[in-house]
There are 4 protein chains.
Amino acid sequence: MGNTFGQLFRITTFGESHGGGVGVVVDGCPPQLPLCEADIQKELDRRRPGQSKITTPRRETDTCEILSGVFQGQTLGTPIAIMVRNKDTRPQDYSEMATTYRPSHADATYDAKFGFRNWQGGGRSSARETIGRVAAGAIAKKILHHTANVEIIGYVKRIHTLEAIVDVNTVTMAAVESNIVRSPDPEFAEKAIDLIDNIRRQGDSLGGVVECVARNVPPGLGNPVFDKLEAELAKAVMSLPACKGFEIGSGFAGVLLTGSEHNDEFYPEGDRVRTRTNYSGGIQGGIANGENIILRAAFKPTATIRKEQNTVTRDKQPTVLAAKGRHDPCVVPRAVPMVEAMVALVLCDRLLCHQGQCQTIAAPN
Amino acid sequence: MGNTFGQLFRITTFGESHGGGVGVVVDGCPPQLPLCEADIQKELDRRRPGQSKITTPRRETDTCEILSGVFQGQTLGTPIAIMVRNKDTRPQDYSEMATTYRPSHADATYDAKFGFRNWQGGGRSSARETIGRVAAGAIAKKILHHTANVEIIGYVKRIHTLEAIVDVNTVTMAAVESNIVRSPDPEFAEKAIDLIDNIRRQGDSLGGVVECVARNVPPGLGNPVFDKLEAELAKAVMSLPACKGFEIGSGFAGVLLTGSEHNDEFYPEGDRVRTRTNYSGGIQGGIANGENIILRAAFKPTATIRKEQNTVTRDKQPTVLAAKGRHDPCVVPRAVPMVEAMVALVLCDRLLCHQGQCQTIAAPN
Amino acid sequence: MGNTFGQLFRITTFGESHGGGVGVVVDGCPPQLPLCEADIQKELDRRRPGQSKITTPRRETDTCEILSGVFQGQTLGTPIAIMVRNKDTRPQDYSEMATTYRPSHADATYDAKFGFRNWQGGGRSSARETIGRVAAGAIAKKILHHTANVEIIGYVKRIHTLEAIVDVNTVTMAAVESNIVRSPDPEFAEKAIDLIDNIRRQGDSLGGVVECVARNVPPGLGNPVFDKLEAELAKAVMSLPACKGFEIGSGFAGVLLTGSEHNDEFYPEGDRVRTRTNYSGGIQGGIANGENIILRAAFKPTATIRKEQNTVTRDKQPTVLAAKGRHDPCVVPRAVPMVEAMVALVLCDRLLCHQGQCQTIAAPN
Amino acid sequence: MGNTFGQLFRITTFGESHGGGVGVVVDGCPPQLPLCEADIQKELDRRRPGQSKITTPRRETDTCEILSGVFQGQTLGTPIAIMVRNKDTRPQDYSEMATTYRPSHADATYDAKFGFRNWQGGGRSSARETIGRVAAGAIAKKILHHTANVEIIGYVKRIHTLEAIVDVNTVTMAAVESNIVRSPDPEFAEKAIDLIDNIRRQGDSLGGVVECVARNVPPGLGNPVFDKLEAELAKAVMSLPACKGFEIGSGFAGVLLTGSEHNDEFYPEGDRVRTRTNYSGGIQGGIANGENIILRAAFKPTATIRKEQNTVTRDKQPTVLAAKGRHDPCVVPRAVPMVEAMVALVLCDRLLCHQGQCQTIAAPN
């Protein structure tokens, strides 16, 4: 269970890091959206391994195939199945994992739950699983852009102790993609790349923070109560591998302000109601207010490292592990397109649901 | 939409702060669980307004009635409907809200979404909505305790700039309930109460952090991918009013460590696989590992304050608002039972789902 | 589980035949729909017991209270909770049921599933549970009428061996309600009333068939594959107590025709594509084609009868039962508003979902 | 939407009759179930086209590939993706369908819903979509057999005016598979084959009835209210292409009996409570009682026929159509494994859900 996401725009991912392949089925996509493999491939290319010296050296082109749901260059409204074959697998690198648990990895818990696991690579807990999310996110982005000109831009805000300076109002995708660490602050980027490269050589790893802004989100998206927009976003982002924290707007720093400091005063601007500040992060009471949606996600340092660590075997004997296999010294740059994808999936689903509940009665008049 | 939570243990809440009442329907509760109104009332009493000088003076006993699903002191396995009538309502206090938007409140976004709202109190965005959650959470806690001796204890970890010192292994519910700010650190409690009382007199408000520990959670609960246990918890907690941030285990501070520092080394302890540290917060790869589940939630300062603020009216004219009505100067102490309830709801649902998927084949053998 | 129905227009019912009351929570209702208790009461009055000599003599006014979700005569878009108190209960009539299973009733299976049941009345399996459905159906009907002028008319088509003659194109609600058996064929009605009254005196019971037509359903509602419109309708109607069969359009009689006889030939009529015949019953490939939706539901004779029957006790001893309590000699006339409600719930949910998936991209242009 | 089925054992199908392929993702499968492609292939072979002179001559081996979720011959508990490539496609046979609507087919309604469709073959409305269902059903059957020795056997009960005589207690899969029409009554089978072969030569088509029995279903499976077992079965079966009617137990014929005739009297048999008759069809109050579950499904004659028919074009001009392409003169024999698959999917999902709700509290004791 747990492999389906969304209410009307609903995706189901499948696949392990080693095996026939990985992919996604997207159900509920609006019909007549122009769509081709290149739309999806460009996002997969941002996610794929081997793209730079600070990512895992595993070589996968991650070439996608659309199996269904598209005809003559347009979506049919029926399920869009997208598949990527696994190619550069080296199961032999993982033979030790069959019996030895990697600390802070999912080996032990998968065994606890299922009594059994695919020990070749990370199985289902591998970041490879996110291929399906990023592919589906590419479609969601297209719908959001097409319908309301929504822009979703993620970037690396922090690596270990380094923090980037970014203006959420003006940041561009081009600036993000201008360097391999995916941060629009060039000074930060240079230092962060050095830091990651250095930790890689030590056989250790680093974590960091991804920040993401969604601009032009139509006011009204989201729901009261359990499916508040910030709650859906939190779940979406916290479901990414290695994510340990989530903030919307002011986040944890917001507790350092008083109510009169934190409240976002309203003012009129033409047809719109705007706010002077944006501590709310674009959401009030679970519903988008039209300001920038701003969120941050904390990613822990990669669990699989070459350094020696104490651990146990499947039969509960103490042992020592220095992991083989190919791993990212820092997942954060590759997490950027993943975070964007999850944000897009939430917003697209909310767009369709809002249209369903709140535009049906008014629409025909 | 968005008023239902859970997959097998599924709750639906209803009601506005002013109107006939609020409540919850719990579907999927296991049969033959001993249950009476007192089980629920004791949790509602921790949540209710008017319980101390640092909460809203609105006087509600929040007396609950079980309408269905219980017979001769035991659950039937059919929906348990629980209702609490609204009593001490003063709609006249809110007449200004009919036309004026409270900054950082849900007034403007509800209008944007629904074109219409109940302006008496907070309507559906009121903390009063959480009565249903806390009532259902009381049932979930009972199931978890009955089945696996799970203990869920929340407490105030931070108010504004003050931080409490708490040992997650030994903290008790009695210690939490020993003071009105709900923190087991007595020194912190005293200072925090003063701080809140002081801000109340200024007509302003404060925020803070609730920490929550779940002990004795059976290994194996939770799912890979979208419904990772930390993702479900994040959604659950972030769906509470005023919540702006969520952390599991090391959270945002985890990015300051390297992988070799952050990894939780395994060691054997009798039948169990344990970890030396618990940066993971009891969850690895979305699945509980049997260690303490530890999470934190950031709550912003209450939006409704007596201090004058700039805002706009429904027809987009600038105006000034100094809110009337009765409000909490700091929601954090009352948020403690709400966070516990949401954690209990997630864990109970995961318990039933795990039983369904992973115990069916083995069970009959 | 199993007490929630619908995807966007989603209802959850609660309550047993004896106990605090029964009701429903409607989530996802479009906002700004005019709604008051009278809208709901008029449908509940068609369903309630004691309305004529051929229904159960239990006296319940079934007066409903709207607890939430409506403000100043309009829906808020938040959950609408509706409650009906149980009043004329006689638990003592059922003391025998505590230990004795009624044949073809749910007593034995509830015990098998839950190990426990409310033996006062039918508990959750009582027709009283349908109050929530009929209340929610009244709202769904209003939305359908308001949005697309959809008319849903059910009537008794058959009682035991008697069959009514009805023209689905012209039948009116007034004609249906003109007699206590709820059939627009007056000759049939007279004979059927006699038949039911006669069986009642014998302490036995009868079954029958309800037919239902939905006119003006917008083409395009419904989905391919699992959620085909006819499949959703089948589930909806088959979930009513005592329902044993379902047909759409030609139904079982359709197998007696060849393809060339059964196919509904298309022809143009102004802007519309029409069909000459309607063996399809208004649905092709799971999607409404704009013709009348026509369905039939078979209801078995009431299980609870005064006549003596062989059965067993809870501890599996043979015994004999002649049921006390107050029961319908034939549920079919009261099933008419239930069937209409279920059809309305399906169509309303499909309307909102269709709007969500298929009108989002086109709508803003 | 509408391409996902089930609550805990949840399947999502994808694919059109012409295009990259068709398939299914099964989420929620219990771990450690022995599974290989041969388990699935044997059911797909019963469904595939070209298997005899009375099915469509389209030649597809329908060879399946398991892409994920199985490792070393056992299920992992993660999603099982299964794919079948389309091979023997002849899109040119369908060029006329691009502009001309086949009577009683889904061409017109897909256009009404989506504004667009894949006119090569039936697109998503093709019986080819059921490959995913039958593949998933093979897994469900294995779980049911493994856990509770459940047997599910479907067969052709009626073709046009011919009816087979079958004993539900003793019918075997071997008897069903002993002839190409899939009926255990050899006399009926011979006549039915002639009838179908004859209609095929006339360019016309026939319908019929599939009956299905499920033996050894554990008492307690199923739910009260909306998800009654008969309601879930009705939806499952009515979602198959061409299905127009559904009956459980006595079905429509049950209305010809009185309550005292129709009630299934209970008697004790060892540890079990049994019923003397089985008009209930193994289900009372939505919950299995342990007797044989017996259901029937009516399939209309195939809509696509070679005979000339009046119809309209996409731009609403009258025209005449004599369909090309390769079609079944009668889908009923191939519908047998489809019905079995849908019954297995419902029962397996109910098994897991029952385990989740009703075995959690008791299990650890």
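The structure reproduced in this document is the subject of the present report. (Residues numbered from 1 in each chain as written. Chains lettered and ligands numbered in written order. Predicted model: local features only at pLDDT ≥ 70, side-chain atom pairs only at ≥ 80, totals over all residues. Heavy atoms only, no water.)

What to know about the packing of helix H1 (residues 37–47) of chain C against helix H3 (residues 130–148) of chain C
All names here are of chain C. Basically, it comes down to this: Helix axes use the C-alpha atoms of the stretch in contact, all axes being lines fitted to C-alpha atoms, and the angles between their N-to-C directions lie in the range 0 to 180 degrees. Each helix corresponds to a stretch of at least 4 residues labelled H or I by DSSP, and each strand to a stretch of at least 2 residues labelled E; elements are numbered beginning at the N terminus. The cut-offs work like this: below 35 degrees is roughly parallel, past 145 is roughly antiparallel, 65 to 115 is roughly perpendicular, and the gaps in between are oblique. Two helices cross in a left-handed way if the nearer one is turned anticlockwise from the farther one by less than a right angle. They cross in a right-handed way if the turn is clockwise. We call two residues contacting when some pair of their heavy atoms lies within 4.5 Å. Gly falls in the polar group here, along with every residue not listed as nonpolar (Ala, Val, Leu, Ile, Met, Phe, Trp, Tyr, Cys, Pro) or charged (Asp, Glu, Lys, Arg).
Two elements in contact, H1 and H3, have axes separated by 9 Å at closest approach and are oriented at 135 degrees. One way to sum up the angle between H1 and H3 is to call them oblique. Between H1 and H3 lies a crossing of right-handed hand. Contacts between H1 and H3 pair Asp39, Ile40, Glu43, Leu44, Arg46 and Arg47 from the former with Thr130, Ile131, Val134, Ala135, Ala138, Ile139, Lys141 and Lys142 from the latter. Across the contact of H1 with H3, the residue classes tally to 7 nonpolar, 1 polar and 6 charged.

Quick notes on the relation of the copies chain D and chain A
One copy of the chain maps onto the second through a rotation about an axis and a displacement along it. Stated formally: Least squares is the method for superposing the copies, and the C-alpha atoms it fits come from residues with pLDDT of at least 70 in both.
Superposition record for chain D on chain A: RMSD 0.0 Å, screw rotation 180 degrees, translation along axis 0.0 Å. The symmetry that links the two subunits is that of a two-fold axis.

Some remarks on the sheet that holds strand E3 (residues 21–27) of chain B
In a beta sheet, neighbouring strands pair by backbone hydrogen bonds and run either parallel or antiparallel. Residue and element names in this part refer to chain B. Quick reminder of the rule: Two strands are counted as paired when DSSP detects at least two bridges linking them.
Here we have 5 strands laid out as an open sheet, ordered E1-E2-E3-E7-E4, and antiparallel in their pairing. Both outer strands of the open sheet, strand E1 (4–5) and strand E4 (64–66), are each paired with one neighbouring strand and no more. With 2 bridges connecting them, E1 and strand E2 (residues 10–14) associate as antiparallel partners. Looking at E2, one finds that Phe5 is bridged to Ile11. Seen against the sheet, helix H3 (residues 130–148) touches E2, E3 and strand E7 (80–85) and runs at an angle of roughly 35 degrees to E3.

Focus: the relation of the copies chain B and chain A
Once chain B is rotated about the relating axis by 180 degrees and shifted along it by 0.0 Å, it coincides with chain A to within an RMSD of 0.0 Å. Both copies contact each other with a shared surface, as 100% of the interface residues of chain B are interface residues in chain A too.

A closer look at the side chain of Glu230 of chain D
Here is the rule we go by: Residue exposure (1.4 Å probe, protein chains only): buried if accessible area is under 20% of the type maximum, exposed if over 50%, otherwise partly exposed. We treat Lys and Arg as the positive residues and Asp and Glu as the negative residues; His and chain ends play no part in the count. When a carboxyl oxygen of Asp or Glu lies within 4 Å of a side-chain nitrogen of Lys or Arg, that pair is called a salt bridge.
Turning to its location among the elements, Glu230 of chain D is positioned in helix H6 (residues 229–238). Buried and unpaired, Glu230 of chain D has Lys228 of chain D as its nearest opposite-charge partner, separated by 5.8 Å. Setting aside chain neighbours within four positions, we find Glu230 of chain D in contact with Met238 of chain C together with Phe246, Ile248, Ile283 and Gly286 of chain D.

Description of helix H2 (residues 107–114) of chain B
Of all 8 residues in H2 of chain B, 7 are buried; the element is thus mostly enclosed. Listing the buried residues of H2 of chain B in full gives Asp107, Ala108, Thr109, Tyr110, Asp111, Lys113 and Phe114 of chain B. Buried residues belonging to H2 of chain B abut strand E12 (266–269), strand E14 (283–284), strand E15 (287–288) and helix H8 (332–358) of chain A. Trailing H2 of chain B by a residue or two, Gly115 of chain B shows a phi angle of about 70 degrees, which is positive.

Let's talk about the pattern of salt bridges
Per the stated rule, a full pass over the model turns up 116 salt bridges over all chains. Across the pair Arg350 of chain A and Asp349 of chain A runs a salt bridge whose closest N-O atoms are separated by 2.9 Å. Residues Glu232 of chain C and Lys235 of chain D are paired through a salt bridge, measuring 3.4 Å at the closest nitrogen-oxygen approach. Taken together, the positions of Glu232 of chain C in helix H6 (residues 229–238) and Lys235 of chain D in helix H6 put the pair across two chains. Residue Glu232 of chain C is classed as buried on the basis of its relative accessible area, which comes to 9%. Assessed through its relative accessible area of 11%, Lys235 of chain D is described here as buried. In this structure, a network of salt bridges that share partners links the residues Glu43, Arg46, Lys141, Glu177, Arg182 and Glu340 of chain A.

A short note on the interface of chain D and chain A
What counts here: As a working definition, buried area equals the accessible area (1.4 Å probe) given up by two parts on being put together, with both sides summed. Polar contact is the term for a pair of N or O atoms within 3.5 Å; when the atoms are in protein, one must be able to donate a hydrogen and the other to accept it, and sequence-neighboring residues count only if both atoms are side-chain atoms.
Contacts between the two partners involve 42 residues from chain D and, on the opposite side, 42 residues from chain A. Buried surface at the junction of chain D and chain A, both sides included, amounts to about 3,500 Å², of which 63% is carbon and sulfur. Taken together, the links from chain D to chain A amount to 2 salt bridges. Across the salt bridge formed by Arg85 of chain D and Glu65 of chain A, the nearest N and O atoms sit 2.8 Å from each other. The interface formed by chain D and chain A holds 16 residue pairs in polar contact (both at pLDDT 80 or more) in total. Taken together, the elements giving at least two residues each to the side of chain D that touches chain A come down to strand E2 (10–14), strand E3 (21–27), strand E6 (74–75) and strand E7 (80–85) of chain D.

Regarding the interface of chain B and chain A
Taken together, the contact between chain B and chain A spans 105 residues of the former and 105 residues of the latter. With both chains or domains summed, chain B and chain A bury close to 8,200 Å², and 63% of this area falls on carbon and sulfur atoms. The largest contributions to the chain B side of the interface with chain A come from Met1, Lys113 and Phe226 of chain B, which together make up 11% of the buried area. One can count 4 salt bridges joining chain B with chain A. In this structure, strand E11 (residues 243–248) of chain A lies alongside strand E11 (residues 243–248) of chain B, joined through 3 bridges in antiparallel fashion. If you follow Phe246 of chain A over to E11 of chain B, its bridge partner there is Phe246 of chain B.

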